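The lines below spell out each chain.
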Amino acid sequence: MTISLNWRVLSFGLLLTGSAALSPAAVAKPPVAAVVQSAPASRRPGHAAVASANFLATRAGLEVLRQGGNAFDAAVAVASMLSVVEPESSGIGGGFMAVLHRAKDGRNVFIDARETAPAAVDAKDYVNPDGSPNRDTALSGPLSAGIPGEPAGLVLIAQRYGRLALQQSLAPAIRLARAGFKPDPRLHGAIAEEQKVLQRWPASAAKYLRNGQAPAPGAIWRDPEQARTLERLAQHGDDGFYHGGTAQKLVDAVRAAGGNWTLADLAGYQAKERTPVSVDYRGYKIITAPPPSSGGVAIAEILNILSGYDLAAMDQVQRVHYIVEAMRRAFRDHNAYLGDPDFVKMPLAMLLSPYYADGLRQSILPDRATPSSMLPRAEPADAGMHTTHFSIIDADGNMAAVTLTVNTILGSKFVAAGTGVLLNNEMDDFALVPNKPNVYGLLGSKANAPVGGKRMLSSMSPSIVIGPERTMVIGSPGGSTIITQVLEGILHFIDGENAQQIVAHKRFHHQYLPDVVMVEPGTFDAATSAALEQMGYTLKQREPWGFMNVVTWDRKTNQLDAASDPRRPSGLGQVQ
Ligand code: DON
């Protein structure tokens, strides 16, 4: 280690305390991040586009748009259809986060339909008698499930932002759940993979298995119980899910299987509107997810660090070096500070401040990786592959970026009898056991400890990017890699790439710990890999990750483009 590196790392510790804010060099720079609202996009596209992870869901969105619905009605249609056709990733037993842009007044709003912990949450339930973490209760069955947020979030979007009645937007999903559809290979694979866990609960086995096995590929799948539950939601709004018969069935099923939900937990659930995080980067405004997501804060922090470099003038090795160093520093903060804003105080002003970013930038050496062990605080993370994102722009320029999740594949695998509702296993996104990682390797801090009524921290980063001439709606699943996927998508968009190029682009990821650069096969050629290793990076090849769905709008030519990640064939981006 050189003396120079030690000095810089030492000074980095000081910079964290805020002294960077006082440095004259830092003060000279204009602020680039704040929580603000954007101006309306300049004109209407005149046509619409939807990109989602499943062609049936994309078509449901387009159908509702043809009926006179706007992007927000279409979002309700796509989300509810995904609950039927892509239950391994999201559903009405889970939650979502969305960034909406309303064209008529330029309003940007974040919809927080994240799950909450039940009031009776007890950390002891997630620890074995020998003190080791109980990964089964954290990930499977009713104790792993938070109080669902998706139904309330859909009602909120329909009532406050939609043009159509909720019944009309939910109709395609209800219709298809009754008529039946052929599960795609991904759903089939998910059921086959989780067969054993599904067999533990009769209602789960009844819904997903035939004679204890995954249904034969190509077999028609019907979901009449979920159709009834969606219908009650359509007719009665929140009351149709969080009160009355459905609520009673959910609570009875959860408690009979060892869970601790009460009717009061359901009755008390509220989807919330929050102010998005907004960051300006090279003339583009990025409108993204605030806590209880860590995504937007991390993306803003990375962009603020990168705003001090001329990435376009650099070769790939240098560019990757600075991007990875910015990722490293943002991820260091991400688990340490963030949690549910209704429960914890967070230093958001510091994390979003350009002066803080200036300090972090000072600690980056031009020619060497900074080992994560040289940076104070340690919070590791890893990626998963089940969750889903869709993007919509309608003819008027309304936009919806929506990321939905039941957490890991098929969530808790627990279906609440009589409802057709597959519950999430989002409780694992809390730091359930101090200093023990969750399924993504995230350790978390007190800020993300489980408390009744609290929302667990998320990496979901639905985002809208508004540039001088072009606009993009973007997001992806992928656990902690969501953040770096969206970041790289933003950088590629600013470089002028179109929707197809952005979703197809090879990815790399660094999350502070483990101190490795995760790389998709084919991202770097041999010379680039060798140069990065020479600088001190450990590269680790991983299977491709993410399922990005992007819509772009060129406001000069009025062209819309919609693209779904080529890594997964079931998706569809379509313009109409
Ligand atoms: O909210 C979160 O950050 C996680 N529950 C998301 C999980 C995810 O993206 C899994 N994979 N693709």
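Residues numbered from 1 in each chain as written. Predicted model: local features only at pLDDT ≥ 70, side-chain atom pairs only at ≥ 80, totals over all residues. Heavy atoms only, no water.

**Quick word on unusual backbone geometry**
Inclusion rule: Elements are defined by DSSP. Helices are runs of H or I of four residues or more, strands are runs of E of two residues or more, and each kind is numbered from the N terminus.
Residue Pro292 is bonded to the preceding Pro291 through a cis peptide linkage, with omega at 15°. Inspection of the secondary structure puts Pro292 in the loop between β7 (284–288) and α14 (295–306). The omega torsion across Leu513 and Pro514 is -5°, close enough to zero to call that bond cis. By the element assignment, Pro514 lies in the loop between β14 (508–509) and β15 (517–519). Its identity is not glycine, yet Arg282 carries a phi of approximately 50°, on the positive side. For Arg282, the position within the fold is in the loop between β6 (277–281) and β7. Positioned with a positive phi, Leu410 is a non-glycine residue whose angle comes to about 55°. Its location among the elements puts Leu410 in the loop between β9 (399–405) and β10 (415–416).

**Some thoughts on the sheet that holds strand β19 (residues 572–575)**
The following threshold applies: At least two bridges found by DSSP between two strands are what make those strands a pair. To get an axis, fit a line to the C-alpha atoms, keeping to the stretch in contact for a helix; angles then go from 0 to 180 degrees between the N-to-C directions. Residue contacts follow a heavy-atom distance rule, with two residues in contact if any of their heavy atoms lie within 4.5 Å.
The strand order β5-β4-β3-β9-β8-β2-β19 describes an open sheet built from 7 strands, whose pairing is antiparallel. Pairing within the sheet leaves two strands with one partner each, and these edge strands are β5 (272–274) and β19. Across the sheet, the mean angle separating the axes of adjacent strands is 10° when strand polarity is ignored. Set on the sheet, helix α4 (residues 71–85) makes contact with β2 (49–52), β3 (95–102), β8 (388–393) and β9; between it and β8 the angle comes to about 155°. Sheet strands touched by helix α6 (residues 150–161): β3, β4 (107–113), β5 and β9. Its angle to β3, the strand with the most contacts, is close to 15°.

**A word on the confidence of the model for the chain**
Rules: Each residue carries a pLDDT value, the predictor's own confidence for that position, ranging from 0 to 100.
With 90% of its residues at a pLDDT of 70 or more, the chain shows a mean pLDDT of 90. Predicted confidence for residues 1–41 stays below pLDDT 50, and this span has 78 contacts to residues more than four positions away or in other chains. Residue range residues 378–384 is modelled with pLDDT below 50. Its contacts to residues more than four positions away, or to other chains, number 40 contacts.

**Some remarks on the pairing of strand β12 (residues 463–466)**
For clarity, the threshold we go by: A 1.4 Å probe rolled over the protein chains alone gives each residue an accessible area, and that area as a share of the maximum for its type sets the label: buried under 20%, exposed over 50%, partly exposed in between.
Neither face of β12 is left uncovered, since the one carrying Ser463 and Val465 and the one carrying Ile464 and Ile466 both have all their residues buried. By the bridge criterion, 3 bridges tie β7 to β12 in an arrangement that is antiparallel. Residue pairing in the sheet places Lys285 in a bridge with Ile466 of β12. Once β12 ends, the chain turns through 3 residues before running back antiparallel as strand β13 (residues 470–474).

**Concerning the packing of aromatic side chains**
What counts here: Pairing of aromatic rings covers Phe, Tyr and Trp, the last through its six-membered ring, and needs centres within 6.5 Å; plane angles under 30 degrees mean stacked, over 60 mean edge-to-face, and all others mean tilted. Look at NZ for Lys and CZ for Arg. If either is within 6 Å of the ring centre and within 35 degrees of the ring normal, a charge sits over the ring.
According to the stated counting rule, one finds 9 aromatic pairs in the structure shown. Summarising the aromatic geometry, the rings of Phe72 and Tyr161 are spaced 5.9 Å apart at their centres and angled 70° between planes, so their arrangement reads as edge-to-face. Of this pair, Phe72 sits in helix α4 while Tyr161 sits in helix α6, and the two are 89 residues apart along the sequence. The side chain of Arg210 reaches across the aromatic face of Trp221, ending 5.7 Å from its centre.

**Description of the environment of Ser363**
Put simply, the test is: The definition of a polar contact used here is a pair of N or O atoms within 3.5 Å, where within protein one atom must be able to donate a hydrogen and the other to accept one, and adjacent residues in sequence count solely through side-chain atom pairs.
Within the secondary structure, Ser363 sits in the loop between α17 (354–362) and β8. Among the residues examined, Ser363 registers a relative accessible area of 1% and is labelled buried. Side chain to side chain, Ser363 and Arg329 meet in a polar contact 2.9 Å long.

**Digging into the sheet that holds β15**
By definition, the strands of a sheet pair up through backbone hydrogen bonds, in either a parallel or an antiparallel sense. The strand order across the open sheet formed by 3 strands is β14-β15-β16, and the pairing between neighbours is mixed. Taken across any chain shown, the strands that pair with only one partner, and hence form the sheet edges, are β14 and β16 (539–541). Where β15 lies against β16, 3 bridges are found, and the strand directions are parallel. For Val517, the partnering residue across the bridge sits in β16 and is Leu539.

**Points about the pattern of salt bridges**
Heads up, the rule is: The term salt bridge refers to a pairing of a side-chain nitrogen on Lys or Arg with a carboxyl oxygen on Asp or Glu at a separation within 4 Å.
Here the structure, examined in full by the defined rule, presents 31 salt bridges. A salt bridge links Arg178 to Glu231; the nearest nitrogen and oxygen atoms lie 3.0 Å apart. Here Glu231 lies in helix α10 (residues 224–236) and Arg178 lies in helix α7 (residues 166–179), a separation of 53 residues in the sequence. Judged by relative accessible area, Glu231 falls into the partly exposed class, the value being 26%. We note a salt bridge from Glu325 to Arg328, for which the minimum N-O separation is 2.9 Å. With Glu325 and Arg328 both in helix α15 (residues 316–337) and 3 residues apart, the pair spans about one turn of that helix. Taking relative accessible area as the criterion, Glu325 reaches 0% and is therefore assigned buried. The exposure class of Arg328 is buried, given its relative accessible area of 1%.

**Considerations on the environment of Arg163**
Looking at where Arg163 falls in the secondary structure, it is placed in the loop between α6 and α7. Relative accessible area serves as the criterion here: at 49%, Arg163 is assigned to the partly exposed category. Once the C-alpha coordinates of Arg163 and Gly69 are considered, the two residues, 94 residues apart in sequence, prove to be 5.6 Å apart. Setting aside residues no more than four positions away along its own chain, Arg163 makes contact with Gly68, Gly69, Asn70, Asp73, Asp396 and Asn398.

**Looking at the side chain of Ser144**
Within the secondary structure layout, Ser144 lies in the loop between α5 (135–139) and α6. A residue is classified by how much of its surface remains accessible, and Ser144, at 0% relative accessible area, is buried. From its side chain, Ser144 meets the backbone oxygen of Gly141 in a polar contact 2.6 Å long. Contacts of Ser144, omitting those with residues within four sequence positions, involve Thr137, Ala138, Leu139, Ser412, Asn424, Asn425, Glu426 and Met427.

**Observations concerning α7**
We count it as follows: Here the expected span of a helix is defined as 1.5 Å times the quantity of residues minus one. The quantity called bend is, for any residue, the angle between two axes fitted respectively to the seven residues ending at it and the seven beginning at it.
If you check α7, its first and last C-alpha atoms are 20 Å apart, about what 14 residues at 1.5 Å a residue would give, namely 20 Å. The largest bend in α7 is about 35°, located at Pro172. Those residues of α7 not exposed but buried are Leu166, Ser169, Leu170, Pro172, Ala173, Ile174, Leu176 and Ala177. In this structure, the buried residues of α7 make contact with α3 (55–66), α4, α6 and α10. Looking one or two residues past α7, Gly180 carries a phi angle of roughly 95°, positive in sign.

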